[in-house]
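# Inside the fold
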Amino acid sequence: PDSQPRQRPTQGQGSGVIIDSESGYVVTNHHVIENADQIRVRLDDGRSFEAKVVGADPEADVAVIQIPAKGLKAINIGDSDTLRVGDFVVAIGNPFGLSQTATFGIVSALGRSGLGIEDYEDFIQTDASINQGNSGGALVNLRGELIGVNTAILARGGGNVGIGFAIPVNMVVSLTAQIIEFGEVRRGRLGVHIQDLTPELAQAFGVEAGSGALISKVMPDSAAKAADLREGDVITMVDGRAIKGATELRNVIGLARADEEIELTYIRDRKSFNKKIRIRAVVAESGRGIQISESFEGARLEDVDDSSSQNGQPGIRVVEVASGSAAWQAGLRSGDIILSVNRQWVFSLDDLVQIVNGRTSGLLLNIQRGESALFLVIP
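Residues numbered from 1 in each chain as written. Predicted model: local features only at pLDDT ≥ 70, side-chain atom pairs only at ≥ 80, totals over all residues. Heavy atoms only, no water.

Time to look at the overall build of the chain. Of regular secondary structure, the chain possesses nine helices and 25 strands. Counting only contacts in the chain whose residues sit at least 6 apart along the sequence, the fraction spanning at least 24 positions is 56%. Total accessible area on the chain stands at roughly 19800 Å², and carbon and sulfur atoms take up 46% of it. (Helix = DSSP H or I, 4+ residues; strand = E, 2+ residues; numbered from the N terminus. Contact = heavy atoms within 4.5 Å. Areas by Shrake-Rupley, 256 points an atom, 1.4 Å probe, with all protein chains shown as cover.)

With that settled, the discussion passes to helix H5 (residues 246-255). With seven of 10 residues buried, H5 is to be regarded as a mostly interior element. All buried positions along H5 are accounted for by Ala-246, Glu-248, Leu-249, Asn-251, Val-252, Ile-253 and Gly-254. (Buried < 20%, exposed > 50% of the residue type's maximum accessible area, 1.4 Å probe, protein only.)

Within the secondary structure layout, Asn-134 lies in the loop between strand E8 (123-126) and strand E9 (138-140). We classify Asn-134 as buried; its relative accessible area is 2%. In contact with Asn-134, other than residues within four places in its own chain, are Ser-15, Ile-92, Gly-93, Asn-94, Pro-95, Ser-129 and Asn-150.

Ranked by internal contacts, the top residues of the largest apolar core, which has 22 residues, are Phe-296, Leu-301, Leu-332, Ile-338, Val-341, Leu-352 and Leu-365. Elements with a contribution of two residues or more to this core: strand E20 (299-303), strand E21 (316-321), helix H8 (326-330), strand E22 (337-341), helix H9 (349-356), strand E24 (363-369) and strand E25 (372-378). At four residues, the largest contribution of residues to this core is made by H9. Aside from chain neighbours lying at most four places away, what touches Ile-338 is Phe-296, Leu-301, Gly-315, Ile-316, Val-318, Leu-332, Val-346, Leu-365, Asn-366 and Ile-367. (Core = buried A, V, L, I, M, F, W, Y, C linked by side-chain atoms within 4.5 Å.)

A few words on the pairing of strand E18 (residues 271-278). Two faces belong to every sheet, and in a regular strand the side chains alternate between them. Bridge analysis of strand E17 (residues 261-268) against E18 gives eight bridges, and the strand direction is antiparallel. Paired with Glu-263 across the two strands is Lys-276, which belongs to E18. Hairpin geometry of E17 and E18 is characterised by an intervening segment of two residues between the two adjacent antiparallel strands and by a positive phi of about 55° at Asp-269. (Pairing = 2+ DSSP bridges.)

Neither face of strand E2 (residues 25-28) is open: one carries Tyr-25 and Val-27, the other Val-26 and Thr-28, and all of them are buried. Of the pairings in the sheet, the one linking strand E1 (residues 17-20) to E2 comprises three bridges and is antiparallel in character. Within the sheet, the bridge partner assigned to Val-17 lies in E2 and is Val-27. Where E1 hands over to E2, the hairpin turn is made up of four residues, of which Gly-24 adopts a positive phi near 75°.

A sheet is described by the order of its strands in space; here five strands give the open sequence E1-E2-E5-E4-E3, paired in antiparallel fashion. Each of the sheet's edge strands pairs with one partner strand only, and the pair in question is E1 and strand E3 (39-42). Each adjacent strand pair in this sheet contributes to an overall mean axis angle of 45°, direction not counted. Looking at chain direction, E2 and strand E5 (residues 62-66) are connected through four bridges and run antiparallel. Bridging across to E5, Val-26 finds its partner in Ile-65. (Axes fitted to C-alpha atoms, helices over the stretch in contact; angles between N-to-C directions.)

On to the pattern of salt bridges, then. By the definition in use, this model includes 10 salt bridges. Here Glu-145 makes a salt bridge to Arg-143, at a shortest N to O gap of 3.3 Å. Under the relative-accessibility criterion, Arg-143 is labelled exposed at 65%. Here Arg-257 ties to Glu-181 by a salt bridge, and the two come within 2.8 Å at their closest N and O atoms. (Salt bridge = Lys/Arg side-chain N within 4 Å of Asp/Glu carboxyl O.)

This brings us to the environment of Gly-24. Residue position: Gly-24 is located in the loop between E1 and E2. For Gly-24, a relative accessible area of 0% puts it in the buried group. With 48 residues separating them along the chain, Gly-24 and Leu-72 place their C-alpha atoms 7.4 Å apart. Residues contacting Gly-24, with those up to four places away along its chain left out, are Ile-65, Gln-66, Ile-67 and Leu-72.

Moving on, we get to a nonpolar patch on the surface. On the surface, Phe-88, Phe-104 and Leu-142 cluster together to form a nonpolar patch covering roughly 350 Å² of accessible area. Here Phe-104 is to be found in strand E7 (residues 101-112). Taking relative accessible area as the criterion, Phe-104 reaches 53% and is therefore assigned exposed. (Patch = residues over 30% accessible without salt bridge, like charges linked within 9 Å, V, L, I, M, F, W, Y side chains within 5 Å.)

On to the packing of aromatic side chains, then. Think of a pair of aromatic rings as described by two things: how far the centres are apart, and how the planes are tilted against each other in angle. Per the stated rule, a full pass over the model turns up three aromatic pairs. An angle of 15° between the planes, with centres 5.3 Å apart, marks the rings of Phe-88 and Phe-104 as stacked. Pair noted here: Phe-88 is in strand E6 (residues 88-93) and Phe-104 is in strand E7, with a separation of 16 residues, a long-range link. Owing to a relative accessible area of 44%, Phe-88 belongs among the partly exposed residues under this scheme. Arranged with centres 5.7 Å apart and planes meeting at 40°, the rings of Phe-123 and Phe-165 form a pair that is tilted. With Phe-123 in strand E8 and Phe-165 in strand E11 (residues 164-168), this residue pair connects regions lying 42 residues apart in the sequence. Judged by relative accessible area, Phe-165 falls into the buried class, the value being 3%. The residue whose ring lies beneath Arg-333 is Trp-328, and the NZ or CZ to ring-centre distance is 3.4 Å. (Phe/Tyr/Trp six-rings, centres within 6.5 Å; stacked < 30°, edge-to-face > 60°. Lys NZ or Arg CZ within 6 Å of the ring centre and 35° of its normal.)

A few words on the environment of Ser-129. Mapped onto the secondary structure, Ser-129 falls in the loop between E8 and E9. For Ser-129, a relative accessible area of 28% translates into the label partly exposed.

Set out below in C-alpha cells:
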C-alpha cells in the first residue's frame, strides 16, 4: 500500500476591490492570496477569472492581483485623511462566502497601531460588522468612495464583536502604486531609533506633549547621520504633516520610496529647524547578519543594550529584515528577540557566531515576539 500521506486540496475565500478597470487590477490583503496555488476572482455579474499576482507587501498586508476582464468598473477613491471619528461607513465583502454583503457602522477610532497584526499599522477602527471572508474588501463612505481596505477583526472564536480594522486608502494607494510599478514596495529608511514623548520628556525637550517623535539613536552610515540629525532631536513634521508619535513617523517614512527627498521639521535645543533629507533604501547592511550565516542574510541584528542584558537575560534583537530575503523566508521579523539557537542561550552576537560557526542549515531558533514566544527552524 502507498504509505505516502495524501495532500487534500484546500481553499479559502476573501474579498477584493477593483481599482483599475482598464488594466484589471484588484487590491486585496496579502494574507488572502498568500501561498495560493491558484486564485480565482468571481465578479458580481457571475463571471469568474483566474488572476495573476502582480505583487504584494506582506509588511502592510496589501496585495495587487490582475484579471483579464473587460467591462469592469473601478471604485471611486476617497481621502482617508479627512475621516473623523463618528463618520458613517459601509463595509462590503464576502463574509462566510455570502457575496456582496454590506454592513453599516461608524468610524470608532483612527490611527490604531501597536496591535501586532502587521509591521506597518495605521488602522481605521470601525463597528461595521466585519467577519471572516471580509478581508480585502472595501470600507466606503456614504458617497460610495473607498476609504479603507478591511483587513482584520478583533474577536474570540472568529466572530464579529463590533471591532474591525481597515487599512486607510491613502496608505493603500501609495503602496499599490509601487506594487504595480515594481512588484513590491521599495521602502526608504531614515536610520534612527525613535520613541514617543512622555509628558516628562516633552517638558525636558521643550515641546508640546503628544507632538513629535524623539530620536533616541542615530544609526551610522544612514540618511539621518548624513543629514546631521542627532539623539535628542524631536521630529514634529514630515512634508508639512504633523507627527504625533513614533508609530506615525514610522508609517510615514515607510510609505516613502527609497531615494525620495522628504522635508523634516524637528526641534533641537528648543529651536525649530527644517531640513530636506534623501532617505535611503531598506537593505540589509553588510554587517554581522550576513557574516554569521547565509541563513541570516537580509537580517540586521544587534545586541540588546537595555537592562535585560545587563541582568543576564539572553537575547539578540532583530532590527530589520529585508522582505523576501533568506531571513524573511525563514520567518524572522523585525522586532523579534532571538533567545536561543539550537537550544543554547545567546547573550550577544559573539555567542551567536560561536554557536552557528558557519552552519547554514539545521538551526533551531527560540524567538520572543511581543508577548508570545515561538520556535523557528532554518531548514
